[in-house]
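Listed here are the chains, written in short residue letters.
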Amino acid sequence: MIIITGGAGFIGSCLHAALRARGEETVIVDWLGAEGKWRNIARHAPERLLAPEALDDFLVDQPAVTAVFHLGAISETTARDGDLIWRTNIDLSARLWAWCVRHGARFIYASSAATYGAADRSELFSDDPAMLDSLRPLNLYGWSKHVFDRQVMARLARGEAAPPQWAGLKFFNVFGPNEYHKGKMISVVKVKYDEVSQGLPARLFRSDVQGLADGAQARDFIWVGDVVDVMLWLLDNPRVSGLFNCGTGVARTYLDLAHAVCDATGAPRQVEFIDMPANLRGQYQSYTCADMTRLRAAGYGRPFTTLEDGVRRYVRDYLAAPDPYL
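Not measured: the values here are computed from a predicted model.

## Brief notes about the packing of aromatic side chains
And step 1. Taken as a whole, this structure holds 17 aromatic pairs when the rule is applied.
And step 2. With 5.9 Å between their ring centres and 90 degrees between their planes, Trp97 and Phe107 make a pair best called edge-to-face. Residue Trp97 is found in helix H3 (residues 82-103), and its partner Phe107 is found in strand S5 (residues 106-112); the two are separated by 10 residues along the sequence. As far as the burial class goes, Trp97 and Phe107 line up, both buried.
And step 3. Clustering of aromatic rings is evident, with ring pairs tying together Trp97, Phe107, Tyr109, Phe148 and Trp166.

## Some thoughts on the sheet that holds strand S2 (residues 26-29)
And step 1. Taken in spatial order, the 7 strands line up as S3-S2-S1-S4-S5-S6-S11 in an open sheet, and their pairing is parallel. Edge positions in the sheet fall to strand S3 (48-50) and strand S11 (242-246), since each of these pairs with one other strand and no more. Between one strand axis and the next, the sheet turns by 20 degrees as a mean value, whatever way the strands run.
And step 2. Two elements, strand S1 (residues 2-5) and strand S4 (residues 67-70), share 4 bridges in a ladder whose sense is parallel. The residue of S4 that forms the bridge with Ile4 is Phe69.
And step 3. Here H3 sits on the sheet and contacts S1, S4, S5 and strand S6 (166-171); the angle it forms with S5, its principal contact strand, is near 160 degrees.
And step 4. Running over the sheet, helix H6 (residues 224-236) touches S1, S4, S5, S6 and S11 and is turned about 170 degrees from S6.

## Let's talk about the pattern of salt bridges
And step 1. By the definition in use, this model includes 20 salt bridges.
And step 2. A salt bridge links Arg20 to Glu47, with the nearest nitrogen and oxygen atoms 2.8 Å apart. Here Glu47 lies in the loop between S2 and S3 and Arg20 lies in helix H1 (residues 10-21), a separation of 27 residues in the sequence.
And step 3. Linking Arg269 and Asp263 is a salt bridge whose minimum nitrogen-to-oxygen distance equals 2.7 Å.
And step 4. Three or more residues joined by partner-sharing salt bridges are found here, namely Asp120, Arg121 and Glu123.

What counts as what
Residues numbered from 1 in each chain as written. Predicted model: local features only at pLDDT ≥ 70, side-chain atom pairs only at ≥ 80, totals over all residues. Heavy atoms only, no water. Phe/Tyr/Trp six-rings, centres within 6.5 Å; stacked < 30°, edge-to-face > 60°. Helix = DSSP H or I, 4+ residues; strand = E, 2+ residues; numbered from the N terminus. Buried < 20%, exposed > 50% of the residue type's maximum accessible area, 1.4 Å probe, protein only. Pairing = 2+ DSSP bridges. Axes fitted to C-alpha atoms, helices over the stretch in contact; angles between N-to-C directions. Contact = heavy atoms within 4.5 Å. Salt bridge = Lys/Arg side-chain N within 4 Å of Asp/Glu carboxyl O.

What follows is the structure in structure tokens.
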């Protein structure tokens, strides 16, 4: 049995679809709500769906769990409730880690590129655990992920027991199907598609960094299928443990992204620049680029999808299709 927290969410439901295709027995821990989130798992329902508040009682019975993919979290970069973030993003992660230690289950969890804060050069995006103390996240969400990463490394440094396999994945800017419930946290690809498909120009934030041109803000955009491939590879390689970046290793500009969306929809390349909202100034990452050296050294050899190919696939196979779900 495999548990997926956040399994009805964006990345979680895409992972769940892949696990179900393999014939794995799964338990999803998530809320479906009333906004159509159920559609994310409509084609690949789990054996069991648990509300997050029921997870502890479920685990008391010591189910035969082989692995936990812990993807559930409060992921809004503008979140403000520190106590709720601590309980959800840190305490729950620690309890699941401890349970996996006691019961010999493998533990793969979601960290985030938000832990890198205002890093602005590729060499600053190293996932070497020795670099953790130098990171300065810009927001509460990124800080919470950073706290748990540091807790894991501190436990290991003290010689405490660990799950038989563990991995923390620092997800970069993931895009793809099944993200439609995410509201303001939806990917820029989907937002630009909505604009362009309505005949509007793709709107991008003006740069708030001196010397950086509008549209030149750059991120490491990764197709969700590549993220799922990395997680399945870890499942297939139980001897691999560690903290790893999960990006492509290539930074692409927002202007590149806007042009890719226009090209995929067959629209002219029209871009309009708008002021950055006040609540994002000072905590907006203008550059991210995953250093993929350690994951490659661990043995992951598959190529990553280019931005253009990923956007084209997302638009043509999902966003422009009658049913956009995976």
